[in-house]
Amino acid sequence: MRLPTLRDFRGDKIDMVCHRCDRYGSYDREELVKKLGATTEFVELRRIMAIGCDRRGTDQCEAKFPCLLAANILIEASK
Ligand SMILES: [Zn+2]
């Protein structure tokens, strides 16, 4: 299964929240595409963006992208 990339999302802004770590960020999609490339997977993006999270890289960190949920794009294979 192919994982969704920046190319798969059409909105201007990509927002990320982590309720566990109490973080919120909004990012310009164009900027991210320029910086990281359009083929960057969202799972990878989440890892990059969760850098400020206190619990990043652990199961305790729940960084996610509400804009993708709204667009019905699942960034990981469903369990
Ligand atoms: Zn987090």
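Read on for a plain summary of the structure. (Residues numbered from 1 in each chain as written. Predicted model: local features only at pLDDT ≥ 70, side-chain atom pairs only at ≥ 80, totals over all residues. Heavy atoms only, no water.)

**A few points about the coordination of the zinc ion**
Here comes step 1: Distances from the zinc ion to its protein donors, Cys18 (SG), Cys21 (SG), Cys53 (SG) and Cys61 (SG), fall within 2.2 to 2.4 Å.
Here comes step 2: Angles of 101 to 127° at the metal separate the 4 donor atoms of the zinc ion, which places the site in the tetrahedral class.
Here comes step 3: All donor residues of the zinc ion come from one chain, and their arrangement in sequence is C-x2-C-x31-C-x7-C.
Here comes step 4: Using a relative accessible area of 1% as the deciding quantity, one classes Cys53 as buried.
Here comes step 5: Accessibility expressed as a relative area gives 14% for Cys61, which makes it buried. (Donors = N, O, S within 2.8 Å, 3.2 Å for Na, K, Ca; no water. Tetrahedral: all angles 85-135°; square planar, octahedral: opposite > 155°, others 65-115°. Buried < 20%, exposed > 50% of the residue type's maximum accessible area, 1.4 Å probe, protein only.)

**Here we look at the nonpolar core**
Here comes step 1: Core analysis: the biggest nonpolar cluster contains 19 residues, and Phe9, Ile14, Phe42, Leu45, Cys61, Phe65 and Leu68 have the highest contact counts within it.
Here comes step 2: Secondary structure elements with two or more residues in this core: strand E1 (13-18), helix H2 (42-49) and helix H3 (66-70).
Here comes step 3: Contact partners of Phe9, with chain neighbours within four places excluded, come to Ile14, Arg29, Phe42, Cys67, Leu68, Ala71 and Ile73. (Core = buried A, V, L, I, M, F, W, Y, C linked by side-chain atoms within 4.5 Å. Helix = DSSP H or I, 4+ residues; strand = E, 2+ residues; numbered from the N terminus. Contact = heavy atoms within 4.5 Å.)

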